[in-house]
Amino acid sequence: MKKYSWKMAIIEVFGLALFIIYMIPFYLMFINSFKSRREIIQDTTSLPDTWNSSNYTAAIEKMDFWSAFANSMIITFFSLIIIVFCSAMAAWVLVRSKTRVSKILFFIFIAAMIIPFQAVMLPLVKLMGMIDFTIFEFNFHMLRSHYGLIFMYLGFGCSMSIFLYHGFIKGIPIELEEAAIIDGCSKWKVFWKVVFPMLKPITVTVMVLNGIWIWNDFLLPSLTLGGSIPTIPLAMQMFFGQFTKQWELALAALTLAIIPVIIFYLIAQRHIIKGIIAGAIK
Amino acid sequence: MSKKRRNQLLFWGFLSPVLIAFTITVIIPFFMGIFYTFTDWNGVSKNIQFVGIENYISMFKDKEFGHSFVITVIYTIINVVLMNGIGFLLAFLVTRQLKTRNLLRTGFFLPNLIGGLILGFIWQFIFNSAVTSVGKMAGVDFLSTSLLGETKTAIIAMTLVANWQYAGYLMVIYVAALQNIPEELIEAAKIDGANGWQRLKHIMIPMVMPAVTINLFLALSNSFKVYDLNLSLTNGGPGNSTEMLSMHIYKEAFILNNMGIGQAKAVFFFIIVAIIAIVQVYFSKKREVEL
């Protein structure tokens, strides 16, 4: 529509310069992760003499990277599945039931969104520590367990997710559901066969917003998992405690930690951006 | 079973998973927390004494808490202004007809997806090793010592990283707002002879005001609650001069084991966050009415 003027070219150059500045930390982290400690100290900005991957092998072993990666994957994956199913179900009955109880419950879920994690973290740890019992030789404990943390992510994540689903479901005409009921569908089936498939766009938003939060979360897992089940952020923190000044290993570990995020971002970029916008403008 | 009974069963059945998880992780701890602020609870002892409002009194007398509060507020104010300025600038850039606009958008947003903890560690390396080594080579004195070594520069360093991380997020929201401006509006202004600056001032900025409200509060509450970045970049140091409120509460409770006082500070923290949120709702509602 417009021609590419010299003015545009200046803006373009300025934009690219800004882009390079933005990327410098990643670039420095990456090139230095292949250097020896002496090389890093001597010259931080030049490329490594040889692209030696020994830092990576050492970091993977010392940080126990693969088990941290697996823990992060398990916790994020199952938390997202449970948050999506449970919040969608809850939001649907909250929209379709016009009783006062339903309105009050919805209001409580929304109001609780303003409670910052810091305000509940101390009693939460205390309470979770108390939930620890054995049935049929199975020791059930909320602290230091995957399922305990996943349960808490459902508790903390459901408010916003219900809110997003609630807004979306309000826009779905109830006639569709009524037609399915006339055709002999039970309500349970109506939800899973008719309503839930229509929620796909908002489900993507819910997964993006909760996924970024859970994958990167540090404080909650550090309080509830302790050292027993390290996720990537926890393993990173422990690693830095032990190898404070071994930057060559630390940089390799950091590079490893962000590679999955970058791959995910490049694959799902459009969905992520859409999710962020939908989540913010709600 | 009657139809009414069945509907009720479905209602509570569908709600029960979130209701149980939400009650146990949010509601009960929230009220437990308020209860503990009136006790001398230390997290371990079974013998809990009521102490009235003593915890709140000692909180207000605590100089370190006051210091934390002040630097958190300073940090928040700087961030709110800078992040929105930078976020808008980035959004303006990537909505021009640039050949590289998709690349730029991708790059500016990227830091946001990586957690504050990991970004803080990367920047610790940049500040402690890269910047100092460049500073020494170029013979620039103030760069040759680490920014993280002194209180004032350490706060500047934190602000820098926070902006680098979060401006791209605000950019995405500003981009959505800028793209919602009807093309005809800008074309019409052009035909009427408005120059670039006038178009920006009289059309673009007023049209993105709803996004400004959202972004101001996003930056506000995110900066105020900062923890991860604080931990990994400065760990509160040097001394405890850059210890923001979240970290202060954490240390009071889990390191000094003063659960009662720590929780009183957490409740204070909650009240401020709640006030911010209520003001936000008030402003967004007011805008809706105006529109």
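Conventions used here
Residues numbered from 1 in each chain as written. Chains lettered and ligands numbered in written order. Predicted model: local features only at pLDDT ≥ 70, side-chain atom pairs only at ≥ 80, totals over all residues. Heavy atoms only, no water. Helix = DSSP H or I, 4+ residues; strand = E, 2+ residues; numbered from the N terminus. Rg over C-alpha atoms; globule rule 2.2 N^0.38 Å. Buried < 20%, exposed > 50% of the residue type's maximum accessible area, 1.4 Å probe, protein only. Contact = heavy atoms within 4.5 Å. Areas by Shrake-Rupley, 256 points an atom, 1.4 Å probe, with all protein chains shown as cover. Lys, Arg positive; Asp, Glu negative; His and termini not counted. Charge placed at Lys NZ, Arg CZ, Asp CG, Glu CD. Core = buried A, V, L, I, M, F, W, Y, C linked by side-chain atoms within 4.5 Å. Buried area = accessible area lost by both parts, 1.4 Å probe. Salt bridge = Lys/Arg side-chain N within 4 Å of Asp/Glu carboxyl O. Nonpolar A, V, L, I, M, F, W, Y, C, P; charged D, E, K, R; others polar. Pairing = 2+ DSSP bridges. pLDDT = per-residue confidence, 0-100. Phe/Tyr/Trp six-rings, centres within 6.5 Å; stacked < 30°, edge-to-face > 60°. Lys NZ or Arg CZ within 6 Å of the ring centre and 35° of its normal. Bend = angle between axes of the 7 residues up to and from the residue.

## Focus: the overall build of chain A
- In terms of helices and strands, chain A carries 13 helices and two strands.
- Against the globule reference of 19 Å for 282 residues, chain A gives a C-alpha radius of gyration of 24 Å, more extended than a compact globule.
- Projected onto its principal axes, the C-alpha coordinates of chain A cover approximately 75 × 70 × 35 Å.
- Counting every position in chain A, which comprises 282 residues, the buried fraction comes to 50%.
- A separation of at least 24 residues holds for 69% of the contacts in chain A among residues at least 6 apart in sequence.
- Summed over all atoms, the accessible surface of chain A reaches about 13700 Å², with 70% contributed by carbon and sulfur.

## What about the overall build of chain B?
- Per the secondary structure count, chain B includes 13 helices and zero strands.
- Secondary structure of chain B in N-to-C order comes out as α-α-α-α-α-α-α-α-α-α-α-α-α.
- What you see for chain B is a C-alpha radius of gyration of 24 Å, clearly larger than the 19 Å of a compact globule of 291 residues, by over 25%.
- In terms of its C-alpha atoms, chain B occupies a principal-axis envelope of roughly 75 × 75 × 30 Å.
- Scored against the burial criterion, the 291 residues of chain B give a buried share of 52%.
- A sequence separation of at least 24 residues applies to 69% of the contacts in chain B between residues at least 6 apart.
- Seen as two clouds, the 22 positive and the 15 negative side-chain charges of chain B have centres 9 Å apart.

## Some details on the nonpolar core
- Formed by 192 residues in total, the largest nonpolar core has its most connected members in Phe26 and Met236 of chain A together with Leu15 of chain B.
- Ranked by residue count, the leading element in this core is helix H7 (residues 151–179) of chain B, at 17 residues.
- In contact with Met236 of chain A, not counting residues within four places along its chain, are Met63, Ala250, Ala253, Leu254 and Ala257 of chain A together with Leu117, Ile118 and Phe121 of chain B.

## Topic: the interface of chain B and chain A
- Every contact between the two is made by 90 residues of chain B and, on the other side, 90 residues of chain A.
- Here chain B meets chain A over a buried area of about 7900 Å², counting both sides, of which 82% is carbon and sulfur.
- Of all residues in chain B, Phe14, Leu113 and Phe125 of chain B bury the most surface against chain A, accounting for 10% of the area lost on that side.
- Inspection of the chain B/chain A interface yields zero salt bridges.
- At 23 residues, helix H1 (residues 3–36) of chain B tops the list of elements feeding residues into the side of chain B that touches chain A.
- Here the residues of the side of chain B that touches chain A are counted per class, giving 64 nonpolar, 19 polar and seven charged.

## A word on the pairing of strand E1 (residues 132–135) of chain A
Residue and element names in this part refer to chain A.
- Where E1 lies against strand E2 (residues 138–141), four bridges are found, and the strand directions are antiparallel. Note that in E2 the partner of Thr134 across the bridge is Asn139.
- Here E1 folds back onto E2 in antiparallel fashion, the turn holding two residues, of which Phe136 has a positive phi close to 45 degrees.

## Topic: the confidence of the model for chain B
Residues and elements named next belong to chain B.
- With 98% of its residues at a pLDDT of at least 70, chain B reaches an overall mean of 88.
- Mean pLDDT per element in chain B: helix H6 (residues 141–144) is the minimum at 72, and helix H3 (residues 63–94) is the maximum at 94.
- Across the assembled chains, the prediction reports ipTM 0.89 with pTM 0.90.

## Remarks on the environment of Val81 of chain B
Residues and elements named next belong to chain B.
- Here Val81 lies in helix H3.
- Note on Val81: relative accessible area 57%, which makes it exposed.
- C-alpha separation for the pair Val81 and Ala219, spaced 138 residues apart in sequence, amounts to 8.7 Å.

## A few points about the packing of aromatic side chains
- One pass over the full model with this rule turns up 47 aromatic pairs over all chains.
- Ring geometry for Phe65 of chain A and Trp66 of chain A: centres 5.1 Å apart, planes at 75 degrees, overall edge-to-face.
- The class for Phe65 of chain A is buried, based on a relative accessible area of 3%.
- For Trp66 of chain A, a relative accessible area of 53% puts it in the exposed group.
- Geometrically, the ring pair formed by Phe191 of chain A and Trp192 of chain A is edge-to-face, given 4.8 Å between the ring centres and 80 degrees between the ring planes.
- Taking the ring centre of Phe92 of chain B as reference, the NZ or CZ of Arg96 of chain B above it sits at 4.1 Å.

## Remarks on the pattern of salt bridges
- Taken as a whole and assessed by the stated rule, the structure comprises five salt bridges over all chains.
- Glu248 of chain A is the salt-bridge partner of Arg37 of chain A, the closest N and O atoms lying 3.2 Å from each other. With Arg37 of chain A in helix H2 (residues 37–42) and Glu248 of chain A in helix H13 (residues 247–281), the pair connects residues that are 211 residues apart, well separated along the chain.
- A relative accessible area of 42% means that Arg37 of chain A is categorised as partly exposed.
- Across the pair Glu252 of chain B and Lys265 of chain B runs a salt bridge, and its minimum N-O distance is 2.5 Å. With Glu252 of chain B in helix H12 (residues 245–255) and Lys265 of chain B in helix H13 (residues 259–290), the pair connects residues that are 13 residues apart, well separated along the chain.
- A relative accessible area of 7% places Glu252 of chain B in the buried class.
- Shared partners join several salt bridges into a network, and the residues in it are Asp62, Glu252 and Lys265 of chain B.

## With respect to unusual backbone geometry
- With phi around 55 degrees, Arg144 of chain A is a residue other than glycine that occupies positive phi space.
- Positioned with a positive phi, Asn235 of chain B is a non-glycine residue whose angle comes to about 50 degrees.
- As for its placement among the helices and strands, Asn235 of chain B is situated in the loop between helix H11 (228–233) and H12.
- Residue Asn235 of chain B is classed as partly exposed on the basis of its relative accessible area, which comes to 43%.

## Things to note about helix H5 (residues 116–138) of chain B
- A bend of about 35 degrees at Ile126 of chain B is the largest found in H5 of chain B.
- Count one or two residues on from H5 of chain B and you reach Gly139 of chain B, which has phi positive near 70 degrees.

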